Amino acid sequence: MTRFATGGDALAESLIAQGVDTIFGIPGVQLDPACDALYFRKDRIRFICARNEQAVTYMADGYARSSHREGVGMVVPGPGLLNALAGLATAYATNSRVLLISGQIDSWQIGKGDGVLHELPDQTGIIDKLCKWHAMATKAEDIPELVAEAFRQLRTGRPRPVVLEFPPDVLAAPIAPDLPIPGYVPTSPVTPSPDALAKAADRIAAADRPIIYAGGGVRASGEGAQQALTDLAHLLGAPVVVTENGRGAIDADDPLAFDQVAFRTLRETADLIIAVGTRFVGSFGGALNTNGVPVVDINVDEADLGGPRTEQIAVAVHADARLALEGLVRLLSGDSPQGEANAPAASAAARPARPDRTAEIAAARAWTNKALSQLDPQRAWLDAIGRTLGKDGVFVSEYTQIGYAAAICMPRHSPETYIGPGYEGTLGFGFATALGVQAAAPDRRVVSVSGDGGFSWTMQELSTMRRYGLPLVEIVFNDGYYGNVRRIQNGNYGGRVFSSDLTDPDYMQLAAAFGIAHARAFDPEELGRALERALASRTPTLIEVPVADFPSPWNLVHEGLPTPPALPPHADRVPRPGATA
């Protein structure tokens, strides 16, 4: 311990015991005892100070999803917590292991309504619905066990954020210097029932044309899940469709890997769907159209087994995705341990050969490529980014025109290399989240894509980017509008545009003001060159891409919407100033 022995010291030592080496946060008066404790542990915990609490939880989320470690944020109560809730809601929607440490008012004043600094009428009640588990320390001696329980919750079952509240008087209270600090809490994944796994294997072994539908649960399952999914797919010869949150669950270069839009054609010939780590819902939250095909459903959250299609669930397996997939591979390949209980009646190796699916898969590939060709302008920009970023680089998306396309057609090669906003759709998510990704792995190539609308939410974090030397490349596609809002106003409301145009800064001057390297690019080739220079320099960089109109992606994202009219070639391009037509 240090020369002090307070609740703040107990918090810091407890975090260190759980392997925490980075905290994103903003100091404040209710956190002073905790910050002072961290001061004496600067060599063991890095504190990255953001410029807005919303960015704190975004950064923690990016750190967690790209590293398979927990992301930790710390904010003051009241307005600090409220600012942080957008990022907390995103972490909840994307199954992210985030611990938010929130200050409180002094414990003896909670609930009295005295109007003390940063008081909320019911801060704990506000937190309750946006996390998996939460608690408030009422005694300094309780802090180590509460921190250990927080990490137990993060490392058990479905990953979702947890929150701990600390009144300042509890953080400042003295503790015994020898107060026990619990050791590292190990991960405890949900093990599949042998009986359920055997039933699933039997059903899969009997299928001729299974397809696999992989969601964010494969990513959240951690190391080994991608390999297990790939092994099962190749054992069965089954195509794998990935959701947005599951991008990278199988390498996009794998011949069995498909984007989500391919599900619309693959379901037509499938006789079984193996759903892994997905709520199995459509893009609007309703039931996914499965064409009546029966489903083997694997999910770590028992409440999500079956989703809105419970009547089509042939077998439900409550389990961690990796453990279930590995178990199925063993059973179906005949590699189960001798005498394993409930072994399936027929392994994939023993059953008659499945039909040759070469033509079916090729037809699905052609159908998908034709459907996605509608997005060729966006794909040209994404191809330039992807080629330069490389297989191991991390692409952080955003709610913007390029981001909408990336969600359904950006090739990624491992689960942690695509970070998206999930169903919460928090505009402004991308840039700050990418800073957390870069903080988790300073030597990794990381690219963030934002629109000028979304970037404005957290562009003050250019200060954080510069201060901590985070070599992120932020690409701002600038069309001067809230692009999707304006598209809807033009298409659905007779062109009655309302408050969708923006007054933006000169991004080059903005970057220069923060001491950030900067460039403009007017076409995909130029963007690729600028991006390569930026990534090679390992320098914080802002690239602005002035753009015009992109074709709508929504008929591909949301099934049932009409195909939009085609735009003229290069309608997305803005001419370079001074260029002749």
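Residues numbered from 1 in each chain as written. Predicted model: local features only at pLDDT ≥ 70, side-chain atom pairs only at ≥ 80, totals over all residues. Heavy atoms only, no water.

K.L.:
Hey, could you run me through empty space enclosed by the protein in this one?
P.N.:
If a probe the size of a water molecule is rolled over the atoms, the empty space left behind becomes visible. Scanning the model with the defined rule gives one cavity of 30 Å³ or more in all. The space that makes up the largest cavity amounts to roughly 80 Å³. Forming the boundary of the largest cavity are Ala64, Arg65, His68, Arg69, Asn95, Ser96, Arg97, Pro159, Arg219 and Ala220. Of all elements in the fold, only helix H3 (53–67) and helix H9 (216–221) reach the threshold of two or more residues within the lining of the largest cavity. Within the lining of the largest cavity, the residues separate by chemical class into three nonpolar, three polar and four charged. (1 Å grid on protein atoms, 1.4 Å probe; cavity = no way out; pocket = protein on both sides within 12 Å on 5 of 7 lines; lining within 4 Å. Points joined across faces, edges and corners; volume = space filled by probe spheres on them. Helix = DSSP H or I, 4+ residues; strand = E, 2+ residues; numbered from the N terminus. Nonpolar A, V, L, I, M, F, W, Y, C, P; charged D, E, K, R; others polar.)

K.L.:
What is the right way to look at the pairing of strand S5 (residues 133–136) in this model?
P.N.:
Where a strand is regular, its side chains alternate between the two sheet faces. Alternating residues of S5 divide into Trp133 and Ala135, all buried, and His134 and Met136, none buried. Relative to strand S6 (residues 162–166), S5 runs parallel, the two being bridged by four bridges. Looking at the pairing, Met136 lines up with Glu165 of S6. Where the polypeptide runs from S5 across helix H6 (residues 143–154) and back to S6, its parallel neighbour, the crossover connection is right-handed. (Buried < 20%, exposed > 50% of the residue type's maximum accessible area, 1.4 Å probe, protein only. Pairing = 2+ DSSP bridges. Right-handed = clockwise from strand over helix to strand, strands pointing away.)

K.L.:
I tried to follow unusual backbone geometry on my own but got confused; where do I start?
P.N.:
Leaving glycine out, the prevailing phi sign among residues is negative, and the prevailing peptide bond configuration is trans. For His68, which is not a glycine, the phi torsion comes out positive at approximately 60°. Its location among the elements puts His68 in the loop between H3 and strand S3 (71–75). Even without being a glycine, Arg538 presents a positive backbone phi close to 55°.

K.L.:
Mind showing me how you'd approach the nonpolar core here?
P.N.:
For soluble globular proteins, the rule of thumb is that nonpolar side chains tend to be buried together. Formed by 54 residues in total, the largest nonpolar core has its most connected members in Ile212, Leu229, Val317 and Leu328. For this core, the element with the highest residue contribution is helix H12 (residues 321–333), accounting for seven residues. The residues contacting Leu328, other than those within four sequence positions of it, are Leu197, Ala200, Ala201, Ile204, Leu232 and Ile298. (Core = buried A, V, L, I, M, F, W, Y, C linked by side-chain atoms within 4.5 Å. Contact = heavy atoms within 4.5 Å.)

K.L.:
Sorry if this is basic, but what is going on with the sheet that holds S5 here?
P.N.:
Through backbone hydrogen bonds, the strands of a sheet pair up, either in parallel or in antiparallel fashion. An order of S2-S1-S3-S4-S6-S5 is seen for the six strands of this open sheet, with the pairing classed as parallel. The open sheet has two edge strands, strand S2 (46–49) and S5, and neither has a second partner. Strand-to-strand twist across the sheet, computed as the mean angle between neighbouring axes with direction ignored, equals 20°. Of the strand pairs in this sheet, S3 and strand S4 (residues 98–103) are connected by five bridges, and their pairing is parallel. Note that in S4 the partner of Val75 across the bridge is Ser102. Along the sheet face, helix H4 (residues 79–93) touches S3, S4 and S6 and points at about 165° away from the line of S4. (Axes fitted to C-alpha atoms, helices over the stretch in contact; angles between N-to-C directions.)

K.L.:
Just to check I follow, could you spell out the packing of helix H1 (residues 7–17) against helix H2 (residues 32–39) for this structure?
P.N.:
The interhelical angle for the contact between H1 and H2, taken along N-to-C directions, is 55°, at an axis separation of 8 Å. Here H1 lies oblique to H2, going by the angle between them. Here H1 and H2 pass one another in a crossing that is right-handed. Residues Gly8, Asp9, Leu11 and Ala12 of H1 form the contact with H2, whose participating residues are Pro33, Ala34, Ala37 and Leu38. For the contact of H1 with H2, the residue count by class is six nonpolar, one polar and one charged. (Parallel < 35°, antiparallel > 145°, perpendicular 65-115°, else oblique. Left-handed = near helix turned anticlockwise from the far one by under 90°.)

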